Every structure is written in C-alpha cells, then in structure tokens.
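# Coordinate analysis (summary)
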Amino acid sequence: MSLSAAAQDLVDLESARKEYATLRDAGLKLDLTRGKPSPEQLDLSAAILSLPGANDYVSAEGIDTRNYGGVEGLIEIREIFGKLLGIPAQQLLAAGNASLNLMHDVLVHALLTPVPGAERRWVDEEEVVFLCPSPGYDRHFALTERFGIRMVPVALTGEGPDMDEVERLVASDARIKAIWCVPKYSNPTGETYSDEVVRRLAAMPTAAPDFRILWDNAYAVHDLTDEQVPLLNVLEACAEAGNPDRVFVFASTSKITLAGAGVAFFGSSAANVAWLNKVLVKQTIGPDKVNHLRHVRFFGDADGVLAHMQKHRALLEPRFEAVYEVLEAELTGIATWTRPKGGYFVSLEVPDGCAAEVVRLAKEAGIALTPAGSAFPYGKDPRDHQIRLAPSFPSVDEVREAMRAVAVCVKLAVAEQAAAK
Ligand code: PMP
C-alpha cells in the first residue's frame, strides 16, 4: 500500500477538523522556517564580541589587521579551517562574513571571466545549465535562477545524487557547467555523500571542459551525534582522477560563531584560487582581517573549533529530539522523516499532494513553515510532498508545540485529500 493510502486509513476527517479548530483558536505564533542559530547558540560565541581587543591587532606574520591588504585572508584562520576542511591553507581563501555571498560572486566571476579550462565566459555560452540535486538549498536555486541559468533537478538517494543520472547527463551535454552539492548533512535531507559518490563526481567524463562541482560544505563540523560521519576529500579525489580544477569548495563559520559576522572560505586547486584571486583584487582591497584575527583568538586551533561544536550540539540535540518525539507519537504511518546525524534540518515527507496544504493550514494556525516546494528548483516540488523543518531557533518547548501543530495540520490535509477522492 502506498504511503498516501495507508495514511488515509489512519486519520478521521471529523476528529482532524476538531483538532485543527482547537489549534487555530489557540492563537499560536511559532516559526520553523529558517535554519538560524538560537540566541543561546550565539551566546556561546559571546567572547568574540570583545576580541581581539584594543591592543591586539597584529597577526603572527606581523600584519596589522586594521589596515588594507591581504586579499587571500589571514593565514592563521586559513590554517585552522584548512585542517578541518582538508584543504592546504595556500589553497584556501578566507573572505567576508557569508559563503552565500562568495558563491554569488564566484558565479558572477565565472560568467564574466573564463574559469581555468573554459573556452569562453559562461555568459557567452548559448545556454548554461546547472544540475540541482533535490530537495536542496533554496538559496542556491534562487541564485542560479537569478542569473538565467537553467536548473535540472536530480534525485538524491540518501548518500548523494543519483550518479547514474548525473553521469549520463554530463557526459553528453556541454551546456551543463556545474552541479550544486551540500555534501555533508545536506540541507534539507541530512544525507552525507558516500565515498563512491564523491569519487564518481570527481572522475566522471564531462562534455563541458570547464565543468565545476559547487561543493557547499556548510555543515562540515556540525555533528549531532557521537558519530562524525566521514566525507571523502573531494579536492584530493578530483586531483587523483586527473580533474584537479573540477571543484570549488565553500564553507563558513556562520553556524559556528555568529551567523551574521562569521568568516567564509573558498578552497580549490592552485589554478582556481589564482583565478579567483585575480578577479577579487578588482573587487576588494582586502577582507575584514580583524574578524579573521578575532576568530583565530577565539578558537586557538582546529581542536578549539571541534570543542566549540560540542556546545552547539548540546543545544541542538534536544530540539531535534523534540521533533522526533512528536513525529513518532503523532505521524507514524502517516508521514516519513529524516533523522540526520548533523546539520540543521529535518525533512518531512507527507503523502503526495499534501505539502502545500499542510503549510497553508499551519500558516492559518500561526505556525510559519518554509513554503512547500522551496527546496526544489523554481519552487516546484513535482510531488508536492516535502516540507523542511528547522528546529534550531525556537526553544525546546516551542519546537514541541510547533511540531504538535504541524502534526494536526498533516492529519487534516491527509483526511481532506481522502475525503475529496
Ligand atoms: N549553504 C547552506 C547549505 C546553508 O544551509 C546555508 C545556511 N542556511 C548557507 C550556505 C549560508 O551560509 P552563509 O551564512 O555562510 O552565507
């Protein structure tokens, strides 16, 4: 029996309507939309607000961080994160506060300045196409759409994209210039790419000589369990496969220190880093090195980052547990959901054709959910079945309350669908 049919047997329209009416009368105002750190998480980095201190502004190399210069960023912060990301510090740039900003700029640069290996600028191609493993990160898709790049969805398998499909598409179509990847604790499915998927991405023949993997390792150290799920080193895999320039790696400390005032990173082959450096010097006289230095002072070293992440985990884990507790009690047999070992999201799958209605019902009851379909290119979930839950920001009690409300909305949407048949 399909999930829809089984689910419909489990809910009764009358009682679902009554529960929903009670919910709406409660006048809740809760928000599970964006993966923002909670104020308690931001407090973990409170010390950073008074670092590096009035008399501490010279880096280990003797650079006065207050002044212009050093477009590649402070070497000390690049060494710390180079270790965590498996990228030599010389091939890692430390930039401004947001990796999304870097992704935006790197796309603009690739459109306007040929990337290493390209025959021409992407803007001079008749059409540029990106593969978009879905469900994925809505802001990647929004960026891509904004630049007129056509998006082709590819299914995710639980250990990365469907590689048979990816290999088939890139082998024959030179218009396909890139694939978006959130390789660890993916947004929103929580999956981590297997070694085999990473190796196949690195080695697959591509019709486009300038094909790029856009490797957004946003959740590289964001474990939620004792198991640090391993991720193969993509830069090394590409080099070993004879495609050293294939990958652009992005990361940031947005969900490590302060979401609005962290440090973003770009890592790649020496040729790609030189390419970006060359265009970056036209864009800026240098990044915020004082911010780099205060991050160096705050962490000390890579182990300092990992120890700090344990404190985040202690705050996040109970919120995720609250989500599972309610889902198991209320929606077993009616919906399915992920149990990620890291990251910021739970992906809830309701019976086909119900997601938009769940989100609408929730909104009317005062619960903000990410719009249905937003994790898919052009905002269109062909099955209308996926909802991204982001439990990090509200308190544990609020998460529980919001999830109970979501469960009521799912049951009503499923019952309504059954009644309409
Ligand atoms: N990439 C992914 C996959 C994300 O989930 C997020 C935040 N939601 C970002 C990038 C944004 O990162 P930043 O703050 O560095 O722009």
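Look a little higher up for the structure.
The sections below set out a description of the structure shown in this document. Note that the structure is predicted; figures quoted are calculated from it, not measured.

## A closer look at the environment of Thr284
Within the element layout of this structure, Thr284 appears in the loop between α10 (270–283) and α11 (289–299). For the pair Thr284 and Gly69, spaced 215 residues apart in sequence, the C-alpha separation works out to 8.8 Å. A polar atom in the side chain of Thr284 sits 2.9 Å from the backbone nitrogen of Gly286.

## Focus: the site of the ligand
Taken together, 13 residues lie near the ligand, and Ser99, Asp216, Tyr219, Ser252 and Ser254 sit nearest. Within the side chain of Lys255, an N or O atom sits 2.9 Å from a nitrogen atom of the ligand. Coverage of the ligand by the protein chains reaches 88% of its 400 Å² of free accessible surface. For the shell around the ligand, the element with the highest residue contribution is helix α5 (residues 99–112), accounting for three residues.

## Brief notes about the nonpolar core
Within the largest apolar cluster, 53 residues are counted, with the highest numbers of intra-cluster contacts made by Leu348, Ile367, Leu369, Ile387, Leu389, Met403 and Val410. Elements with a minimum of two residues in this core: α2 (13–25), α12 (302–331), β10 (346–349), α13 (355–364), β12 (386–389) and α14 (396–420). Those residues in contact with Leu389, other than ones at most four positions away along the chain, are Leu32, Val323, Tyr344, Phe345, Val346, Leu348, Leu369 and Met403. Core analysis: the second largest hydrophobic core is formed by 46 residues, Val166, Ala208, Val247 and Ala251 among them.

## Some words on the pairing of strand β5 (residues 176–181)
Of all six residues in β5, six are buried, a share of seventy percent or more. Sheet topology note: the strand β3 (residues 129–134)/β5 ladder contains three bridges and is parallel. Within the sheet, the bridge partner assigned to Phe130 lies in β5 and is Ala178. With four bridges connecting them, β5 and strand β6 (residues 212–216) associate as parallel partners. Bridge pairing in β6 places Ala178 opposite Arg212. In this fold, the crossover linking β5 to β6 by way of helix α8 (residues 195–203) has right-handed handedness.

Definitions and cut-offs
- Residues numbered from 1 in each chain as written.
- Predicted model: local features only at pLDDT ≥ 70, side-chain atom pairs only at ≥ 80, totals over all residues.
- Heavy atoms only, no water.
- Helix = DSSP H or I, 4+ residues; strand = E, 2+ residues; numbered from the N terminus.
- Polar contact = N/O pair within 3.5 Å; in protein donor to acceptor, adjacent residues only side chain to side chain.
- Near = heavy atom within 4 Å.
- Areas by Shrake-Rupley, 256 points an atom, 1.4 Å probe, with all protein chains shown as cover.
- Core = buried A, V, L, I, M, F, W, Y, C linked by side-chain atoms within 4.5 Å.
- Buried < 20%, exposed > 50% of the residue type's maximum accessible area, 1.4 Å probe, protein only.
- Contact = heavy atoms within 4.5 Å.
- Pairing = 2+ DSSP bridges.
- Right-handed = clockwise from strand over helix to strand, strands pointing away.

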